[in-house]
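Summary of structural features
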Amino acid sequence: MTKEIYITQTNCITPLGFDVQSNIDAILRGESGIQLHENTSLMPAPFYAAIISEEKIDNAFAKISTATKYSRLEKMMILALEPIIKKAEIDLDSKVAFILSTTKGNVTALQNDSEESFKTAHLDVLAKNVADFFGFKTQPIVVSNACVSGILAVSIAKRIIQSELYDHAFVIAGDEVSEFVLSGFNAFQAMSDSPCKPYSKNRTGVSLGEATAAVLVSANPATAKIKVIGDSSINDANHISGPSRTGEGLFRSIQNALKEAQIDGQKLDYISAHGTATPFNDEMEAIALSRLGLQNIPVNSLKGFYGHTLGASGLLETVIAIESANKNILFESKGFDEIGVSESINVIQKNEEVFIEYFLKTASGFGGCNTAVVFEKVK
Amino acid sequence: MTQKTYIQSYCTIQNNEIVLNGTSVFKTEPTEFADFSKQAYRNFEMQYPKFFKMDALSKLAFLGAELLLSPITSTELENNIALVLANKSSSLDTDVKYQESISDKENYYPSPAVFVYTLPNICLGEISIRHQLKSENSFFIFDVFNTEFMSNYSNILLHSGKAETVLCGWVEFFNDNYKAFLCTISAQENEKYTNETINTLYNK
């Protein structure tokens, strides 16, 4: 009998708030973290992005530590993990895994030529710095799989607990808005000239964002917030910098995840999709959902609230979707106006109370990767 | 209860040499990786022009995967071969090059063709495209090759039916220092490496 796996603790650090409740309150008020920024150290021209204030991070961090050696991203990660590690009251022994997921980690350290700074750009060093703050005994597991990293980390946590290698896994996901990433997306002409508009007719690309999110994945049902019942992560095998036109990898990921969950797709009450607002990504998702007969299931992208937080997005959006399920509220897909994908999908236009028992989280990224995870409300 | 799994084949690339299942199959005089990889590509008549667009990390992973997967894959058939690779330096070799292209404001030329390789999992995408692997894939980062985790995780994919074969390994590249160790693992009985583990083969 395969072990049942739960998410038992959640937290997030975002421009909308430094705990889950303040994020949900902001979403219900329709607030977005995306703003126009004029900062030539990040981009030569003004740009839209969801950025967390330096001062807020430092003030919050000062309340838990006086240490000055941590990078901005490390502080954001520690801030996300600290309350859930405290609440969980678990001994961080050899059966407790620490999984860190990110795309670019401390890439800003490359701006400085020093050897010491270069060292901190390594993801294993980032993971060690965060792990040592809390005293994890196991070697950190770093997942760096482009924009599916955060949700793939949940799936990896589930798998390593089911195989009995570990009893619990603390998962942290995080990425920052940096000159490195802004210039890259801009070079791809993938940046939106207004706050991003997932699935909309007039969408022109992504708004970048930054956040950290943390969860505890465990086989212990006490304090369970949600059950993780199926997962899959299938490559498109089509193109490294664009999604498959047929959505093949996403299609198969969802199909496999539903199969493992042993539920029919029609039982899904909600889909928290990727929705980056690039023309190709959103179109691909609509095609994949339609091929699976899921075009009528309510779907949103939370990118209109947070921007695209890269490796953090899958986990952040899972944390928010868990609240959606437990509060039985579908959150609006912010930025959406008129459907702009070729297959009709049921984009959530306003907050709505609906009973949610099952939901699906998906993500897709560079390298042709896709991940789908199915969740069930705890009875 | 859990089914036993077996290492089927392995390949090591380091110091201008490619070793396949313990036998040296290609070797050059000391040279840069760019030259070594080009010679290896030609030697094995790979005929895949996209190879030349790849960054060094992808070329390294591609070469190893090519030798292990070409004999067992076919583009007409479904190949449920998962890719589970790891390294220490992520995509830092390309990250540093990309950073150089944006650091000097007088000489600012960010290129999408370089930027796309600033993710370590791109090499998984390259291998997936080449061998048409619509399969599980994940890229991990460790301080040193965590052979225990990597073999455990590969076994999880095999035992849970998420993959029929796993291409598992270490592909490290930074500043012309490189080492790749790749192996295929499946439940198919193979007595050749029963006394070996990923760890012993990696350290050979």
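Residues numbered from 1 in each chain as written. Chains lettered and ligands numbered in written order. Predicted model: local features only at pLDDT ≥ 70, side-chain atom pairs only at ≥ 80, totals over all residues.

A tally of helices and strands in chain A yields 11 helices and 15 strands. In summary, chain A has a C-alpha radius of gyration of 19 Å against a globular reference of 21 Å for 379 residues, a match within 12%. Taking all 379 residues of chain A together, the buried fraction comes to 61%. Counting only contacts in chain A whose residues sit at least 6 apart along the sequence, the fraction spanning at least 24 positions is 79%. (Helix = DSSP H or I, 4+ residues; strand = E, 2+ residues; numbered from the N terminus. Rg over C-alpha atoms; globule rule 2.2 N^0.38 Å. Buried ≥ 20, exposed ≤ 12 C-beta atoms within 10 Å, placed from the backbone. Contact = placed C-beta atoms within 7 Å.)

Below, the discussion takes up the overall build of chain B. Counting its regular elements, chain B contains 7 helices and 7 strands. Moving toward the C terminus, one meets the helices and strands of chain B in the order β-β-β-α-α-β-α-α-α-β-α-β-β-α. A globule of 204 residues ought to have a C-alpha radius of gyration of about 17 Å, and chain B, at 17 Å, matches this closely. Principal-axis analysis of the C-alpha atoms gives chain B an extent of 65 × 35 × 35 Å. Going through the 204 residues of chain B one by one, you find that 49% of them count as buried. Considering only contacts in chain B between residues 6 or more positions apart, those separated by 24 or more positions represent 68%.

Taken together, the contact between chain A and chain B spans 41 residues of the former and 41 residues of the latter. The leading source of residues in the side of chain A that touches chain B is helix 7 (residues 179-187) of chain A, at 5 residues. Among the residues forming the side of chain A that touches chain B, the class breakdown is 20 nonpolar, 16 polar and 5 charged. Strand direction decides the pairing type here: strand 5 (residues 141-143) of chain A and strand 5 (residues 137-141) of chain B, joined by 2 bridges, are antiparallel. Bridging across to strand 5 of chain B, A:Val143 finds its partner in B:Phe140. (Nonpolar A, V, L, I, M, F, W, Y, C, P; charged D, E, K, R; others polar. Pairing = 2+ DSSP bridges.)

Take the pairing of strand 15 (residues 369-376) of chain A next. When a strand is regular, its side chains alternate between the sheet's two faces. Residue and element names in this part refer to chain A. Of all 8 residues making up strand 15, 8 are buried, and the element is well covered by its neighbours. Covered by surrounding structure in strand 15 are Cys-369, Thr-371, Val-373 and Phe-375 together with Asn-370, Ala-372, Val-374 and Glu-376, the residues of both alternating faces. As paired elements, strand 9 (residues 226-232) and strand 15 share 5 bridges and run antiparallel to each other. Looking at the pairing, Val-228 lines up with Phe-375 of strand 15. Judged from the 8 bridges that link them, strand 14 (residues 358-365) and strand 15 form a sheet pairing that is antiparallel. Residue pairing in the sheet places Thr-362 in a bridge with Ala-372 of strand 15. Taken together, strand 14 and the strand that follows it, strand 15, pair antiparallel across an intervening segment of 3 residues, in which Gly-367 is found at a positive phi of about 90°.

Another aspect to go through is the sheet that holds strand 3 (residues 47-50) of chain A. Residue and element names in this part refer to chain A. The strand order 2-3-7 describes an open sheet built from 3 strands, whose pairing is mixed. Of all strands in the sheet, those bounded by a partner on one side alone are strand 2 (34-37) and strand 7 (208-209). Note that strand 2 and strand 3 share 4 bridges and pair antiparallel. Among the inter-strand pairings, Leu-36 is bridged to a residue of strand 3, identified as Tyr-48.

Here we come to the domain arrangement of chain A. Residues and elements named next belong to chain A. For chain A, the assigned domains are domain 1 (5-218) and domain 2 (229-376). A C-alpha centroid distance of 20 Å is found between domain 1 and domain 2. Listed by partner, the interface residues are 56 residues for domain 1 and 51 residues for domain 2. Of all the secondary structure elements, the ones that give two or more residues to the side of domain 1 that touches domain 2 are strand 1 (5-13), helix 1 (20-28), strand 3, helix 6 (149-162), strand 6 (168-175), strand 7 and strand 8 (211-218). Of all the elements, helix 6 adds the most residues to the side of domain 1 that touches domain 2, at 8 residues. Here the side of domain 1 that touches domain 2 is built from residues that sort into 30 nonpolar, 20 polar and 6 charged. (Domains from an automatic or database assignment.)

Take the UniProt feature "domain: Ketosynthase family 3 (KS3)" (unreviewed entry) in chain A next. On the UniProt side, "domain: Ketosynthase family 3 (KS3)" (unreviewed entry) is annotated at positions that read residues 2-377 of chain A here. Taken end to end, residues 2-377 of chain A is 32% helix and 20% strand, and its first and last C-alpha atoms sit 18 Å apart. (UniProt positions renumbered as here; feature names shortened; annotations may be inferred.)

This part covers the nonpolar core. Within the largest apolar cluster, 190 residues are counted, with the highest numbers of intra-cluster contacts made by A:Ile99, A:Ala157, A:Val171 and A:Leu315. When residues of this core are assigned to their parent elements, the largest contribution, 10 residues, is made by helix 2 (residues 56-69) of chain B. Counting residues domain by domain, this core receives three or more from each of domain 1 (5-218) and domain 2 (229-376) of chain A. (Core = buried A, V, L, I, M, F, W, Y, C linked by C-beta atoms within 7 Å.)

All names here are of chain A. In this structure, Glu-164 takes a positive phi of about 70° despite not being glycine. Structurally, Glu-164 is set in the loop between helix 6 and strand 6. Among the residues examined, Glu-164 registers 11 C-beta atoms within 10 Å and is labelled exposed. Positive phi, normally seen in glycine, also occurs at Thr-223, with a value near 60°. Residue position: Thr-223 is located in the loop between strand 8 and strand 9.

Attention now moves to the packing of helix 2 (residues 54-62) of chain A against helix 3 (residues 72-88) of chain A. Residue and element names in this part refer to chain A. The N-to-C vectors of helix 2 and helix 3 enclose an angle of 55°; their axes lie 10 Å apart at closest approach. What the angle tells us is that helix 2 and helix 3 run oblique. The element helix 2 and its partner helix 3 pack so that their crossing is left-handed. Facing Ile-57, Ala-60 and Phe-61 of helix 2, the residues of helix 3 in contact are Arg-72, Lys-75, Met-76 and Leu-79. (Axes fitted to C-alpha atoms, helices over the stretch in contact; angles between N-to-C directions. Parallel < 35°, antiparallel > 145°, perpendicular 65-115°, else oblique. Left-handed = near helix turned anticlockwise from the far one by under 90°.)

Residue and element names in this part refer to chain A. Relative to each other, helix 3 and helix 5 (residues 123-134) sit at 35°, their axes nearing to 10 Å. Crossing geometry of helix 3 relative to helix 5 is assigned as right-handed. On helix 5, the residues that touch Glu-74, Met-77, Ile-78, Leu-81 and Ile-85 of helix 3 are Leu-126, Asn-129, Val-130, Phe-133 and Phe-134. Within the contact of helix 3 with helix 5, the residues separate by chemical class into 8 nonpolar, 1 polar and 1 charged.

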